[in-house]
Amino acid sequence: MTPTRSDFPRDFHFGAATSAYQVEGAVYEDGRGASMWDSFAHHSGCIADASTGDVACDHYHRMEDDVALMQRLGHTAYRFSVAWPRVLPQGRGEVNPRGLDFYDRLVDLLLEQGIAPYATLYHWDLPLALHDQGGWLQRDTCHAFAEFAGVVARRLGDRVHSYATLNEPRCSATVGYLEGRHAPGLMDRRKALLAAHHLLLAHGLALPVLRSFTTTAKIGVVLDVKPYYPADKLAATAQAVRRADGVFNRWFLDPLLLGHYPQDIWEAEGACVPQLSATALEHDLRTIAQPIDSLGLNYYTRGVVVHEPTRPFPHVREVPVEGAQHTTMGWEIYPQGLYDMLVRIARDYPALDLFIAENGAALRDTVANGAVHDPVRVQYLQSHLGAVARARQDGVPLSAYIAWSLLDNFEWGKGYTQRFGLCHVDYATQVRTPKASALWLRDFITQQPAAA
Ligand code: FCB
């Protein structure tokens, strides 16, 4: 369906997201400590263009202008992350007041402009000091995270509209500890599952801490979700779909929202699962599954799979879809997958407020005569907003659509080769140019009446 503003209620939020390491730069300034991403980007040889986040979009120095930009684009929400090593340079202990001041000012500026702050506490920039002590393989890091959450929430309190503990624990654990493409660059299935467990535990330990500092903010977590579809009608393919979904989606959704790991995957992972006594596991799961107020979802693409026994668990291979359109990340554009995922999550994990925390497309964008013509992104936004509108009509409780990203930025292992922004960034001059898609979204948000 072609969505209009009137498909969404007045208080529905529209905006864009960024994360600290991807946009801030200023990595050596005002007392910021190092994170494992500083170290990974500088030493691993794993960044496609050998770049780092040292300067990125220089958002740390241009924050006022960037908030003004959001305002001009009609945004009513901004999702950002708080750099843990800016606030606690050693990961725990001594607080760096200048780090906290930055986010304090950001939140005030957003509120002055009528933009709801959505703060993410962990978007992958683990303080290097904690990483050196074992990072997410160490249970103690979960407690350090809860302390960090408390330091931030004590300062920002009720001014934040929504706190997310973690961004994409799946990606942190799988891409960082199993595929080795992200920091810390490990390739070990046991470690990945242990890191995943500790990330979930950190989320759970932070929840009561966050609640003690705010009565109004919505508290939750952001997950990346990806629907899987069979490439053919074979029974083995149907089982492959179930396993792929189990590893990517249910491994995180189930413990957080149902209080247990998915039994089929737990059994299939065998000795790779966290080695805890039944009592200890049960205890952790009670912590992990405490109620949350909202769940943020990051949606980019789907997977079409077949059974592939020669591959490691979950024994699946993604197959290319004929005629499909892809972004420069190689991700298929498939808005129906967003609708399917939303309906499925609302069915399997009911009574939970959902919002889209990331959704967007990387394309080959260039500036010509001061403008960026990006019709594919306009179409992407329109079709995905259509999926959100349709899901709402079908009863899925959704409260915001937050696009990835406000700015072109440091796309992790791909460096600056991928442009996801609503605004183009010229990295030599730091000039921001709203792309045609940003203007389309602005008109969508501001030029039509909202539903009553
Ligand atoms: C997500 C990340 C985000 C960005 C997008 C493209 O997995 O959360 O930081 O890199 O992908």
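Residues numbered from 1 in each chain as written. Predicted model: local features only at pLDDT ≥ 70, side-chain atom pairs only at ≥ 80, totals over all residues. Heavy atoms only, no water.

Overview of the overall build of the chain
- Scanning the chain from N- to C-terminus turns up 15 helices and 13 strands.
- Relative to its length of 452 residues, the chain is compact, with a C-alpha radius of gyration of 21 Å against a globular reference of 22 Å.
- A buried classification covers 60% of the 452 residues belonging to the chain.
- Here the contacts in the chain between residues at least 6 apart in sequence split such that 78% fall between residues at least 24 apart.
- On the chain, roughly 17,000 Å² of surface is accessible, and the fraction owed to carbon and sulfur atoms is 52%. (Helix = DSSP H or I, 4+ residues; strand = E, 2+ residues; numbered from the N terminus. Rg over C-alpha atoms; globule rule 2.2 N^0.38 Å. Buried < 20%, exposed > 50% of the residue type's maximum accessible area, 1.4 Å probe, protein only. Contact = heavy atoms within 4.5 Å. Areas by Shrake-Rupley, 256 points an atom, 1.4 Å probe, with all protein chains shown as cover.)

Brief notes about the side chain of N96
- Take N96: it is sitting in the loop between α4 (84-87) and α5 (97-112).
- Using a relative accessible area of 6% as the deciding quantity, one classes N96 as buried.
- At a separation of 2.8 Å, a polar atom in the side chain of N96 contacts the main-chain carbonyl oxygen of D30.
- Once you skip the residues sitting within four places of it in the chain, N96 turns out to touch D30, G31, R32, R86, V87 and P89. (Polar contact = N/O pair within 3.5 Å; in protein donor to acceptor, adjacent residues only side chain to side chain.)

Remarks on the nonpolar core
- Ranked by internal contacts, the top residues of the largest apolar core, which has 130 residues, are W84, Y103, Y122, W136, F145, L295 and L342.
- By residue number, the principal contributor to this core is helix α9 (residues 189-211), which donates eleven residues.
- Discounting chain neighbours no more than four positions away, the residues touching W136 are W84, Y122, L126, T141, C142, F145, Y177, L194, A195, H198, L199 and A202.
- In terms of nonpolar packing, the next biggest core, distinct from the first, is built from 19 residues, A77, A116, I333 and A400 among them. (Core = buried A, V, L, I, M, F, W, Y, C linked by side-chain atoms within 4.5 Å.)

Focus on the pattern of salt bridges
- One pass over the structure, following the stated rule, counts 35 salt bridges.
- Two residues, R242 and D264, come together in a salt bridge whose shortest N-O distance is 3.8 Å. Placement of the pair is R242 in helix α10 (residues 235-258) and D264 in helix α11 (residues 263-269), with a sequence separation of 22 residues.
- With a relative accessible area of 47%, R242 lands in the partly exposed category.
- For D264, a relative accessible area of 31% translates into the label partly exposed.
- A salt bridge links R302 to E332, with the nearest nitrogen and oxygen atoms 2.8 Å apart. Taken as a pair, R302 in the loop between β7 (294-299) and β8 (303-307) and E332 in the loop between β9 (316-318) and α13 (335-348) lie far apart in primary sequence, 30 residues in all. When sorted by exposure, R302 lands in the same class as E332, which is buried.
- One salt-bridge network, held together by shared partners, links R242, D245, R250, D264, R344, R347 and D348. (Salt bridge = Lys/Arg side-chain N within 4 Å of Asp/Glu carboxyl O.)

Brief notes about the site of the ligand
- What surrounds the ligand is the set Q22, H123, W124, N167, E168, N298, Y300, E358, W404, E411, W412 and F420.
- Contacts to the ligand include Q22, whose side-chain N or O atom sits 2.7 Å from an oxygen atom.
- The contact in question runs from an oxygen atom of the ligand to an N or O atom on the side chain of E358, over 2.9 Å.
- Classifying every residue of the shell around the ligand by side-chain character gives five nonpolar, four polar and three charged. (Near = heavy atom within 4 Å. Nonpolar A, V, L, I, M, F, W, Y, C, P; charged D, E, K, R; others polar.)

With respect to the environment of R79
- When you line up the elements, R79 lands in strand β2 (residues 77-81).
- The exposure class of R79 is buried, given its relative accessible area of 1%.
- Between the alpha carbons of R79 and T279 there is a distance of 37 Å; along the sequence they are 200 residues apart.
- Setting aside residues no more than four positions away along its own chain, R79 makes contact with A16, A17, T18, Y118, T120, H123, N167, V222, N298, A357, E358 and I402.
- A polar contact is formed between the side chain of R79 and the side chain of T120, at a distance of 3.1 Å.

What to know about the packing of α10 against α13
- Following both chains from N to C, one finds α10 and α13 inclined at 35°, their axes separated by 12 Å at the closest point. The handedness of the crossing between α10 and α13 comes out as right-handed. Contacts between α10 and α13 pair D245, N249, R250, L253 and L258 from the former with M341, R344, I345 and D348 from the latter.
- Here the contact of α10 with α13 is composed, by residue class, of four nonpolar, one polar and four charged. (Axes fitted to C-alpha atoms, helices over the stretch in contact; angles between N-to-C directions. Left-handed = near helix turned anticlockwise from the far one by under 90°.)

A few points about the pairing of strand β10 (residues 353-358)
- When you tally the buried positions in β10, you get six out of six residues, the bulk of the element.
- Sheet analysis places β7 next to β10, joined by five bridges and oriented parallel. From the neighbouring strand, G296 faces β10, where its bridge partner is F355. (Pairing = 2+ DSSP bridges.)

Some remarks on empty space enclosed by the protein
- Scanning the entire structure with this criterion turns up six cavities of 30 Å³ or more.
- Roughly 110 Å³ of internal volume is contained in the largest cavity.
- In this structure, the largest cavity is lined by R170, A173, T174, L178, R189, A192, L193, A196, V247, W251, F252 and E269.
- Those elements giving two or more residues to the lining of the largest cavity turn out to be α8 (169-177), α9 and α10.
- Residues that form the lining of the largest cavity fall into these classes: eight nonpolar, one polar and three charged. (1 Å grid on protein atoms, 1.4 Å probe; cavity = no way out; pocket = protein on both sides within 12 Å on 5 of 7 lines; lining within 4 Å. Points joined across faces, edges and corners; volume = space filled by probe spheres on them.)

Comments concerning the state of the cysteines
- For the structure on display, the rule yields zero disulfides.
- With no disulfide of its own, C272 lies 19 Å from the sulfur of C142, the closest cysteine sulfur.
- Look at C272 and you get buried, because its relative accessible area is 19%. (Disulfide = S-S within 2.5 Å.)

Details of the sheet that holds β8
- Pairing within the open sheet is mixed, and its three strands lie in the order β6-β8-β9. Only two strands of the sheet have a single neighbouring strand rather than two, namely β6 (228-230) and β9. Adjacent strand axes in the sheet meet at a mean angle of 45°, parallel and antiparallel pairs treated alike.
- In this sheet, β8 lies alongside β6 in parallel orientation, the contact comprising three bridges. Within β8, the position partnered with Y228 by the bridge is G303.

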